[in-house]
Amino acid sequence: MKLETERLLLRDINESYVEDILRIRSNEVINQFVLRNSPKNNYDALQFILTIKEKTKNNQTIYLGISLKDQPSLIGTICLWNFSEDRKTAEVGYELLPEYHRQGIMSEALKAVLDFGFNELHLEEIVAITNTFNENSKRILLKHDFILLNGKKDEGFPDNIIFSLKKNT
C-alpha cells in the first residue's frame, strides 16, 4: 500500500528498511514517551519488520513508513491498528525522528491516514493514546480535531491519555 501527499510517501515497510527502523525505534527522544522493547541491533529491527508484515497480511494493522519524496530513507512511521471487532474503530500511532519535528510532516502524514481510515476503511472512530507529557503529540491531535476523553484510562499506563476523532457524517 502507498499513500502520497504533497511532500511525503507513506508506504509498506519491508526488509530493506532495517536500518531506518532501527534508527527510528531506538531513538531516545521518541522512546521517552513510549514503553516498548526497542531494537538493539539490525536483527531486532528485522524481527519487528517481519512481525509487522505478518500483521499487515492478516489485516491486523496498516503500518506505513514515512519518507520525504526526494529521500528514500524512512524518517518515521504511522499506523492504524488495534481494530475493534466490527472494524469501525482503530487506533492511530505515529513516530517521527526528532530532526523532522515541527515541520508539519507528521501533520501531513496524519491527515492522509485519517482520510484513508475514514474514507477507504469506513472507520467511524479513530482513537489515539499518548503520554500526558508528550506536548508535540497532544498538539498535533488537537490540531486535527481529536477530543480528549477525560476520565478514560489506558489500563496499566497511568501517564497516558486517550483522544478520539469521530467521522464527520
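Because the structure is a prediction, the values reported are computed rather than measured.

Engineer: Whenever I open this one, the sheet that holds strand E8 (residues 160-166) confuses me. Can you help?
Structural biologist: Whether parallel or antiparallel, the strands of a sheet pair through hydrogen bonds between backbone atoms. Read from one edge to the other, the open sheet built from eight strands follows the order E1-E2-E3-E4-E5-E6-E8-E7, with strand pairing classed as mixed. Of all strands in the sheet, those with a lone pairing partner are strand E1 (2-4) and strand E7 (147-148), marking the two edges. Note that strand E2 (residues 8-12) and strand E3 (residues 61-68) share five bridges and pair antiparallel. Its bridge partner being in E3, Arg 11 is matched across the sheet by Gly 65. Sitting on the sheet, helix H1 (residues 18-25) is in contact with E3, strand E4 (76-81) and strand E5 (89-96), with an inclination near 85° to E4. On the sheet, helix H5 (residues 135-143) packs against E5, strand E6 (125-131) and E8 and is oriented at approximately 160° with respect to E6.

Engineer: Teacher, can you tell me more about the pairing of E2 here?
Structural biologist: Within a regular strand, side chains alternate between the sheet's two faces. Within E2, four of the five residues are buried, which leaves it mostly tucked inside the rest of the structure. Relative to E2, E1 runs antiparallel, the two being bridged by three bridges. Looking at E2, one finds that Lys 2 is bridged to Arg 11.

Engineer: When you look at the pattern of salt bridges in this model, what are you seeing that I'm missing?
Structural biologist: Two side chains of opposite charge can pair, provided their charged atoms sit close to one another. The full count for this structure, using the stated rule, is 11 salt bridges. Ionic pairing is found between Asp 20 and Arg 23, a salt bridge with its closest N-O pair at 2.5 Å. With Asp 20 and Arg 23 both in helix H1, this residue pair falls three residues apart, about one helical turn. Take Asp 20: its relative accessible area is 10%, and that puts it in the buried class. Note on Arg 23: relative accessible area 37%, which makes it partly exposed.

Engineer: Mind showing me how you'd approach H1 here?
Structural biologist: Owing to its 3.6 residues per turn, the α-helix aligns residues three or four sequence positions apart on the same side. Counting buried residues along H1, six of its eight residues qualify, which places the element largely inside the surrounding structure. Those residues of H1 that fall on the buried side of the exposure criterion are Val 18, Asp 20, Ile 21, Leu 22, Ile 24 and Arg 25. Buried residues along H1 sit in contact with helix H2 (28-31), helix H3 (42-57), E3, E4 and E5.

About the thresholds
- Residues numbered from 1 in each chain as written.
- Predicted model: local features only at pLDDT ≥ 70, side-chain atom pairs only at ≥ 80, totals over all residues.
- Heavy atoms only, no water.
- Pairing = 2+ DSSP bridges.
- Helix = DSSP H or I, 4+ residues; strand = E, 2+ residues; numbered from the N terminus.
- Contact = heavy atoms within 4.5 Å.
- Axes fitted to C-alpha atoms, helices over the stretch in contact; angles between N-to-C directions.
- Buried < 20%, exposed > 50% of the residue type's maximum accessible area, 1.4 Å probe, protein only.
- Salt bridge = Lys/Arg side-chain N within 4 Å of Asp/Glu carboxyl O.

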